[in-house]
Amino acid sequence: MNVHESEKIAGILRGEGYGEESPLEEADIIVFNTCCIRENAENHAFGNIGALKKLKREKKGLLIAVGGCMTQEAGKAELLRKKFPFVDIVFGTHNLSELGRLIEKKRAQRKAVVSLLNERQETEDGIEPVRTSYPNAWVNITYGCNNFCSYCIVPYVRGRERSRRAEDVLSEVRSLIEDGYKEITLLGQNVNSYNSDGRGGMSFPELLDAVASIEGKFRVRFMTSHPKDFSEELARVIKKHDKICNLLHLPAQSGSNRILQLMNRRYTREKYLSEIGMLRALIPDCPVTTDLIVGFPTETEEEFEETLSLVREANFASAFTFVYSPRTGTRAAEMEGQIPEEVSKERIMRLVEQVNENTRALSATFVGKTTEILCEDYDDKKGLYLGRNEAGRMGYFKCDENPIGEFVTLKVERANGVSLFGELCRGDESER
Ligand code: SAH
Ligand code: SF4
């Protein structure tokens, strides 16, 4: 999501007459798109901004702007201004579309420009992003979040959920397909609650159905699905269209019902597992990926082990694993029973080991078979082209011609973690 937001920032800068990707020392403007979901992302941003002090002193015309969700956190914009007085522009997530105007304002005055809004109803339809990930393209369908999971800062810094109009989403996807994009990922903090404000004009399963009904050879992915809202109707739409990847990202966060309740996730382990069961009854062996947090306040060893057993029971294809990070202003940050760092570190290591075991097992199932890959890049170090199959496994292969942007069929010879290695086969050898 942040990558796509950066593409929009690049689009605004282009509109202001700036070119792209010059070396840092030659840049006329440097824009930080920060993230505050976890503390380490925030520390990273502070470190990177601080590192520009010297360059800014040496290069008087250089503009430095800081945006992204960190600036929306209570007190953070003031802290930024205090720690880094050389920052020229501070803008928030709700006024991304105004960046051009803020740059012009700063050019006309000496004083720094700080512009933050608490809430905004509009979506960002007017911005033409500079897309950097051909043949893949991200398309927002909602902004913000209404869920208030107790650990999460997103609703505070990105505001209430707003849905884009379905017809705007569809026309964006149509023009991306016309431009040759081959994979569309629909984005929202909880895509399943699309149209909760009535502004979309249709439900998420209907929207997904309409996107996948657009003519052309392309794939559709979507993220993120909140398990409290996952439905059989959605699973049926996934099954109905070959274009929709048979892969579901369904963040579980924990395998313990007590912790899920404290997290305010509004589903149980049993409901979660029954959803996966329902999905796999329709689409046998459908890969499911997830997000998991360890060390949530008061999490016991037994409760952590329930997360480990969920990984086995749900048979996750892979998972993003996080150590709980207290975020000021969230309910969990105020809870008693914060878990010591060394306990969380030990837990995450065990969790990663369990997830890796699953990852290896799923990757091994591809060995000796063919799989369709959308080639997206070339790895200079390996000297191989690469791209993902519909299950999200990265396939690596040699090719004499540049196949970036094409669907190719890979005969998988070996697997390593989430990576598959093999040879391309001719069309007549392929079988999906
Ligand atoms: N809207 C998505 C997730 C957005 S944030 C969803 O509900 O699934 C991406 C992931 O970051 C979350 O799924 C969660 O696992 C993790 N995360 C969010 N806040 C966190 C925190 N305070 N500490 C650790 N991990 C966190
Ligand atoms: Fe955060 Fe929960 Fe919203 Fe996801 S659904 S963004 S975890 S509050």
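These numbers were taken from a predicted model, which means no experiment stands behind them. (Residues numbered from 1 in each chain as written. Chains lettered and ligands numbered in written order. Predicted model: local features only at pLDDT ≥ 70, side-chain atom pairs only at ≥ 80, totals over all residues. Heavy atoms only, no water.)

Participant: So what's going on with the pattern of salt bridges? Residues and values would help.
Facilitator: Using the criterion set out here, one finds 33 salt bridges in the structure. We note a salt bridge from D88 to K106, for which the minimum N-O separation is 3.8 Å. With D88 in the loop between α4 (76-83) and β3 (89-91) and K106 in helix α5 (residues 99-107), this residue pair connects regions lying 18 residues apart in the sequence. Accessibility assignment for this pair places D88 and K106 in one class, buried. Ionic pairing is found between E172 and R164, a salt bridge with its closest N-O pair at 2.7 Å. Given the relative accessible area of 17%, E172 is considered buried. One network of salt bridges, in which partners are shared, links E183, R219, R221, E376 and R388. (Salt bridge = Lys/Arg side-chain N within 4 Å of Asp/Glu carboxyl O. Helix = DSSP H or I, 4+ residues; strand = E, 2+ residues; numbered from the N terminus. Buried < 20%, exposed > 50% of the residue type's maximum accessible area, 1.4 Å probe, protein only.)

Participant: Report on the nonpolar core, specifying residues and quantitative values.
Facilitator: Core analysis: the biggest nonpolar cluster contains 67 residues, and I184, L186, F204, L208 and F222 have the highest contact counts within it. If sequence neighbours within four positions are ignored, L208 has contacts with L186, V220, F222, L234, V237, I238 and I244. (Core = buried A, V, L, I, M, F, W, Y, C linked by side-chain atoms within 4.5 Å. Contact = heavy atoms within 4.5 Å.)

Participant: A description of the packing of aromatic side chains should follow, citing residues and the corresponding values.
Facilitator: Counting across every chain of the model gives twelve aromatic pairs. Seen from their ring centres, F46 and F84 are 5.8 Å apart, and the 40° between their planes marks the pair as tilted. Remark: F84 occurs in the loop between α4 and β3 and F46 occurs in helix α2 (residues 39-50); sequence separation between them is 38 residues. F84 gets classed as buried once you look at its relative accessible area, which sits at 7%. Residues Y267 and Y272 carry aromatic rings whose centres are separated by 6.1 Å and whose planes lie at 35° to one another, so their mutual orientation is tilted. Exposure class is identical for Y267 and Y272. Each is buried. Through pairs of rings, three or more aromatic residues link up here, namely F46, F84 and F86. One Lys or Arg, K217, reaches over the ring of F407 and ends 4.3 Å from the middle of that ring. Stacked on the ring of F421, the Lys or Arg R414 has its end atom at 4.1 Å from the ring centre. (Phe/Tyr/Trp six-rings, centres within 6.5 Å; stacked < 30°, edge-to-face > 60°. Lys NZ or Arg CZ within 6 Å of the ring centre and 35° of its normal.)

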